[in-house]
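Single-letter residue listing:
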Protein chains: 2
Amino acid sequence: MQLLKDRICSEGKVLPGSIVKVDGFLNHRVDVNLLRQLAKEFKAHFGDRELTAIMTVEASGIPLATICAEEMGVPLIFAKKAKSDNIEGGLFKSEIMSYTYSRKVTLIVSAEWLHKDDRILIIDDFMARGEAMRGLVDIISQAGAELVGIGIAVEKGFQGGGDRLRGMGIDLYSLAIIEEATPAGFRFRE
Amino acid sequence: MQLLKDRICSEGKVLPGSIVKVDGFLNHRVDVNLLRQLAKEFKAHFGDRELTAIMTVEASGIPLATICAEEMGVPLIFAKKAKSDNIEGGLFKSEIMSYTYSRKVTLIVSAEWLHKDDRILIIDDFMARGEAMRGLVDIISQAGAELVGIGIAVEKGFQGGGDRLRGMGIDLYSLAIIEEATPAGFRFRE
């Protein structure tokens, strides 16, 4: 999606270790009008699949997933990252490695709010190795629900997570796939 | 706001310790159409104050704050709860007590994305003792920005956090203030 690629080129930054920062418009100070444009693009791709809910992981995927849920007329379910005292029993859980925080994290979704007749589209702002996606796919499978597809705003193609999910037969649609990120600039997958 | 109070009465639950759960529509499986109605109500109250951004804390306040930001035509800034390796130096920080997780948590906002000419409306889904709000007010003050007001969907009035903020002269507008929550039902402040 050219709009998003242009924005990455003009405002994205690259830190050592090929860390891509797009927090000025995507995941810290968030341009919600841009998110609405991205949501329309996801709707064009996934909107006819009789979705019943959008799923994401807290926290930075939530703004985009919220706008997508409204755009497609379904509720938003977000997986949480730690056990709070306020969640009763009956949880779907999946342990993932968070490279952002350099530690293992358990994703949880209350069994009360994810059902076997759900048809789920996963939405996230960013994907590198795809660990969070692996956890959500696992949780959807535990619930006996159906995964319709995955929509990602920015995929770091060179880290392989996206292609691994595609190899599993999942319809993964990323709006911008970065193949190379250096201080000199970005190169996208065609 | 009657719409929200009705929803709390029909779908909210009360756990031991007067813990109020509204996760079936507000903060786990989220009814985004309801959030749009709440956002319109906040806009009616705060919309003429020349806001430059909406602020919230990750994670459960983000869906409502996202819709509010779009409704009012400003960006969304969300404070993060732990230091990730991907945030450069230059942070505003405030330590708060999280009663949900029974431990201290540090809220952080990158100084790059909160400016002294910002006019901020804080939005959150839920307030009990008001610790998260105290942290955000502190961060806004550190940035030299202006706090225009605070909008809360569900306030637990009997825990005193809201009245403490009102006592500081802050324009705090809560759409439903629960004065009593028992297994028998809810009583709201008039």
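All values reported here derive from a predicted model rather than from experimental measurement. (Residues numbered from 1 in each chain as written. Chains lettered and ligands numbered in written order. Predicted model: local features only at pLDDT ≥ 70, side-chain atom pairs only at ≥ 80, totals over all residues. Heavy atoms only, no water.)

A. Examining the overall build of chain A more closely. Of the regular secondary structure elements, chain A holds six helices and eleven strands. Compactness check: chain A gives a C-alpha radius of gyration of 16 Å against a globular reference of 16 Å for 190 residues, within 12% of the reference. Expressed as lengths along the three principal axes of its C-alpha atoms, the size of chain A is roughly 50 × 35 × 35 Å. Scored against the burial criterion, the 190 residues of chain A give a buried share of 57%. For chain A, long-range pairs separated by at least 24 residues make up 60% of all intrachain contacts whose partners lie at least 6 apart in sequence. As displayed, chain A offers around 7,500 Å² of accessible surface, 47% of which is attributable to carbon and sulfur atoms. (Helix = DSSP H or I, 4+ residues; strand = E, 2+ residues; numbered from the N terminus. Rg over C-alpha atoms; globule rule 2.2 N^0.38 Å. Buried < 20%, exposed > 50% of the residue type's maximum accessible area, 1.4 Å probe, protein only. Contact = heavy atoms within 4.5 Å. Areas by Shrake-Rupley, 256 points an atom, 1.4 Å probe, with all protein chains shown as cover.)

B. Structural context of the interface of chain A and chain B. Counting from both sides, the interface comprises 48 residues of chain A and, opposite them, 48 residues of chain B. In this structure, the connection of chain A to chain B is made through six salt bridges. Linking lysine 13 of chain B and glutamate 112 of chain A is a salt bridge whose minimum nitrogen-to-oxygen distance equals 2.2 Å. Inspection of the region where chain A meets chain B yields 18 residue pairs in polar contact (both at pLDDT 80 or more). Sorting the residues of the side of chain A that touches chain B by element identifies β1 (13–15), β2 (19–21), α2 (23–27), β3 (29–30), α3 (32–46), α4 (62–72), β5 (76–79) and β7 (103–110) of chain A as the ones contributing at least two each. Here the side of chain A that touches chain B is built from residues that sort into 22 nonpolar, 13 polar and 13 charged. Pairing between β5 of chain A and strand β3 (residues 29–30) of chain B: two bridges, direction antiparallel. Bridging from a neighbouring strand, isoleucine 77 of chain A pairs with arginine 29 of chain B of β3 of chain B. (Salt bridge = Lys/Arg side-chain N within 4 Å of Asp/Glu carboxyl O. Polar contact = N/O pair within 3.5 Å; in protein donor to acceptor, adjacent residues only side chain to side chain. Nonpolar A, V, L, I, M, F, W, Y, C, P; charged D, E, K, R; others polar. Pairing = 2+ DSSP bridges.)

C. The environment of alanine 65 of chain A, seen in detail. Residue and element names in this part refer to chain A. With respect to the element layout, alanine 65 can be found in helix α4. Judged by relative accessible area, which is 0%, alanine 65 ranks as buried. Spatially, the C-alpha atom of alanine 65 lies 8.2 Å from that of alanine 39, the residues being 26 residues apart in sequence. Setting aside anything within four residues of it in sequence, one finds alanine 65 in contact with Ile54, Thr56, Leu76 and Ile123.

D. Representation of the sheet that holds strand β10 (residues 172–182) of chain A. A sheet is described by the order of its strands in space; here seven strands give the open sequence β11(A)-β10(A)-β9(A)-β8(A)-β4(A)-β5(A)-β3(B), paired in mixed fashion. At either margin of the open sheet sits one strand with a lone partner, and together these are β11 (185–188) of chain A together with β3 of chain B. Strand direction decides the pairing type here: strand β9 (residues 146–156) of chain A and β10 of chain A, joined by six bridges, are parallel. Of the residues in β10 of chain A, the one forming a bridge with lysine 156 of chain A is isoleucine 178 of chain A. The strands that α4 of chain A touches are β4 (53–57), β5, β8 (119–127) and β9 of chain A; relative to β4 of chain A, the one it contacts most, it runs at about 180°. (Axes fitted to C-alpha atoms, helices over the stretch in contact; angles between N-to-C directions.)

E. A look at the relation of the copies chain A and chain B. In screw terms, the move from chain A to chain B is a rotation of 180° and a rise of 0.0 Å along the axis, fitting with an RMSD of 0.0 Å. Taken together, the rotation angle and the small translation identify this as a two-fold axis. Across chain A, the smallest distance between a C-alpha and the rotation axis is recorded for alanine 59 of chain A, namely 2.6 Å. (Least-squares fit on C-alpha atoms with pLDDT ≥ 70 in both.)

F. Focus on the pairing of β8 of chain A. Residue and element names in this part refer to chain A. Counting buried positions over the nine residues of β8 gives seven, a clear majority of the element. Alignment of β4 against β8, held across three bridges, turns out to be parallel. Bridge pairing links alanine 53 to isoleucine 120 in β8. Pairing analysis gives eight bridges linking β8 to β9, with the strands arranged parallel. Looking at β9, one finds that leucine 121 is bridged to glycine 149. Note on the crossover from β8 through helix α5 (residues 131–143) to β9: the handedness is right-handed. (Right-handed = clockwise from strand over helix to strand, strands pointing away.)

G. A look at helix α1 (residues 2–11) of chain B. Residue and element names in this part refer to chain B. Here α1 has its buried residues at Leu4, Lys5 and Ile8. Looking straight down α1, one finds that the buried residues subtend no more than 100° of arc, so they occupy a single side. Exposed residues pointing more than 90 degrees away from the buried face of α1 are listed as Gln2 and Ser10. (Arc of directions from axis to C-beta.)

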